[in-house]
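Working through the structure, step by step
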Amino acid sequence: MTGLSPKSRRDILIVVAVLVLAAGAFVAVFFALRTPPVPNAGELPDSPVSVPDATSAPSPVPTPVPSSSSPATGTPTAAPSASATEPTETVRFLDVDGSSIGVRATAGACGGAAPVVELSVDDGATWVPTALPVDDEVAQIVSLDVVSAEQVDLVVLAGEDCDPTVLTSYTAGQFWQDYPDRLGTASYASPASLSTVVVDGDRVGAPCGSALGAASADQGLVVRCADGAFLFQSLGVWQPVTTLGLSGLTFNQGDDASYLVGAQAGREGCSGATVSRFALDGSTFGGEVRGCAPVNGSATNVAVGADDEAVWVWDGTVVARSADGGATWITS
């Protein structure tokens, strides 16, 4: 700025300073226009914001559980078949009317051995086979009830599909008639599934995983399990009658029908089967011992029939009979 007067130099400096300030203002405005505004800047949020606690443990990550439709990722476990828990001994039935008439049967099996029904009218001394109707193609017996000296009721599985039905004889087993409509009142242990039984025509869960046998009467259905016997109550409740493992049981069919008669193998002091009475209300869990039936003491599946003081026990070979509630016995 040589040759300029002091005033001229001052004026030039003022102009330069103004230009510099103007340029700075332009740059500031330019960037302000290009920067997006911050929403709610400087304002408090309408609702509280959750702030993680630094001392709290992190939330666990849920592990997915496969649904029933999801493919299995491990080695599948095969479900046990029904035959794995079926009784290994022949299933037998026995019922009596008074002290002289008795009906016994071996159950048979669908696709296996045929059932056999026999009748005795001379106090069990002799037994006569009774022919079942050929047309019904009876494959298995699941229940036997001697209603009177003339009437015998059987719940059977018959036909190609082994469907249940009721056979009744009013001639002491000489002739039989099919009554499928009576299934609605029938109660028995179902051979199709050892974990279920049939009560008045309806299938219900058994009181144990494997029902070994059952007895039915007007008082209801009693199921025999390895750890005791249980009476079916309303609403699917099972009343324990005894905690003893019985090899056979039945209702007393006489005037006093408030108790069961059961046989127990291997009880101390009896080389055969100990015969006891059990109150239906469960008040005699240990049983009231009535005698020792001279049958095979190792048999775990015997048939028992009782009518007042008459008690019969069948182990498949020997029929032991008592006319005085179990105090004395004769065999055949």
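Please read these numbers as outputs of a predicted model, since none were measured by experiment. (Residues numbered from 1 in each chain as written. Predicted model: local features only at pLDDT ≥ 70, side-chain atom pairs only at ≥ 80, totals over all residues. Heavy atoms only, no water.)

Observations regarding the environment of Arg290
When you line up the elements, Arg290 lands in strand E19 (residues 288–293). Expressed as a C-alpha distance, the spacing of Arg290 and Val261, which sit 29 residues apart in the sequence, is 9.4 Å. Not counting residues up to four positions away in its chain, the partners in contact with Arg290 are Val275, Ser276, Arg277, Glu309, Asp324, Gly325, Gly326 and Ala327. (Helix = DSSP H or I, 4+ residues; strand = E, 2+ residues; numbered from the N terminus. Contact = heavy atoms within 4.5 Å.)

Quick notes on the layout of surface pockets
Size it by volume and the largest pocket reaches roughly 910 Å³. Along the wall of the largest pocket there are 46 residues; nearest its centre are Val91, Phe93, Ala107, Val142 and Leu212. Looking at which element gives the most residues to the lining of the largest pocket, the answer is strand E5 (residues 138–146), with six residues. Of the residues that constitute the lining of the largest pocket, the class distribution is 26 nonpolar, 14 polar and six charged. Surrounding the second largest pocket, 24 residues form its lining, Asp145, Thr185, Ser216, Ala217 and Asp218 being those nearest its centre. (1 Å grid on protein atoms, 1.4 Å probe; cavity = no way out; pocket = protein on both sides within 12 Å on 5 of 7 lines; lining within 4 Å. Points joined across faces, edges and corners; volume = space filled by probe spheres on them. Nonpolar A, V, L, I, M, F, W, Y, C, P; charged D, E, K, R; others polar.)

Re the sheet that holds strand E13 (residues 220–225)
Ordered by their spatial adjacency, four strands build an open sheet running E12-E13-E14-E15, and the pairing between neighbours is antiparallel. A strand with exactly one partner marks an edge of an open sheet, and here the two such strands are strand E12 (213–217) and strand E15 (238–242). Mean inter-strand twist for the sheet, computed between neighbouring axes without regard to direction, equals 25°. With four bridges connecting them, E13 and strand E14 (residues 228–232) associate as antiparallel partners. (Pairing = 2+ DSSP bridges. Axes fitted to C-alpha atoms, helices over the stretch in contact; angles between N-to-C directions.)

Looking at the nonpolar core
Judged by nonpolar contacts, the single largest core of 18 residues is most densely connected at Val103, Val117, Ile141, Leu144, Leu154 and Val156. Within the residue set of this core, elements represented by two or more residues are strand E2 (101–106), strand E3 (116–120), E5 and strand E6 (152–158). In this view, Val156 contacts Val138, Gln140, Ile141, Val142, Asp163, Pro164, Thr165 and Leu167; residues no more than four positions away in its chain are not counted. With 15 residues, the next largest nonpolar core counts Val261, Val302, Val311 and Trp329 among its residues. (Core = buried A, V, L, I, M, F, W, Y, C linked by side-chain atoms within 4.5 Å. Buried < 20%, exposed > 50% of the residue type's maximum accessible area, 1.4 Å probe, protein only.)

With respect to the sheet that holds strand E9 (residues 188–189)
On the basis of which strands lie adjacent, the open sheet formed by three strands has the order E9-E10-E11 and antiparallel pairing. Strands with a single pairing partner mark the edges of an open sheet, and in this sheet they are E9 and strand E11 (202–205). Alignment of E9 against strand E10 (residues 196–199), held across two bridges, turns out to be antiparallel. Considered in E10, the bridge of Ala189 is made with Val197.

Topic: the packing of aromatic side chains
Applying the stated criterion across every chain, the model contains two aromatic pairs. For the pair Trp127 and Trp312, a centre-to-centre distance of 6.1 Å together with 85° between the ring planes defines the contact as edge-to-face. On the criterion of sequence distance, the pair formed by Trp127 in the loop between E3 and strand E4 (128–130) and Trp312 in strand E21 (residues 310–314) is long-range, its members being 185 residues apart. Overall, the relative accessible area of 14% leaves Trp127 in the buried class. The interplanar angle of 70° and the centroid separation of 5.1 Å between the aromatic rings of Phe232 and Trp238 together place this pair among those described as edge-to-face. On the basis of relative accessible area, Phe232 is assigned to the buried category, the value being 19%. In this arrangement the basic side chain of Arg182 is found over the ring face of Tyr179, its NZ or CZ atom lying 3.8 Å from the centre. (Phe/Tyr/Trp six-rings, centres within 6.5 Å; stacked < 30°, edge-to-face > 60°. Lys NZ or Arg CZ within 6 Å of the ring centre and 35° of its normal.)

What to know about the pairing of E6
Where burial is concerned, most of E6 is hidden: seven out of the seven residues are buried. Bridge analysis of E5 against E6 gives seven bridges, and the strand direction is antiparallel. The residue bridging Gln140 from the neighbouring strand is Leu157, located in E6. The hairpin formed by E5 and E6 contains five residues between the paired strands. For E6 and strand E7 (residues 163–169), the ladder comprises seven bridges, and the chain directions are antiparallel. The residue bridging Val156 from the neighbouring strand is Thr165, located in E7. Where E6 folds back onto E7 in an antiparallel hairpin, the turn is made up of four residues, including Gly159, whose phi is positive at roughly 80°.

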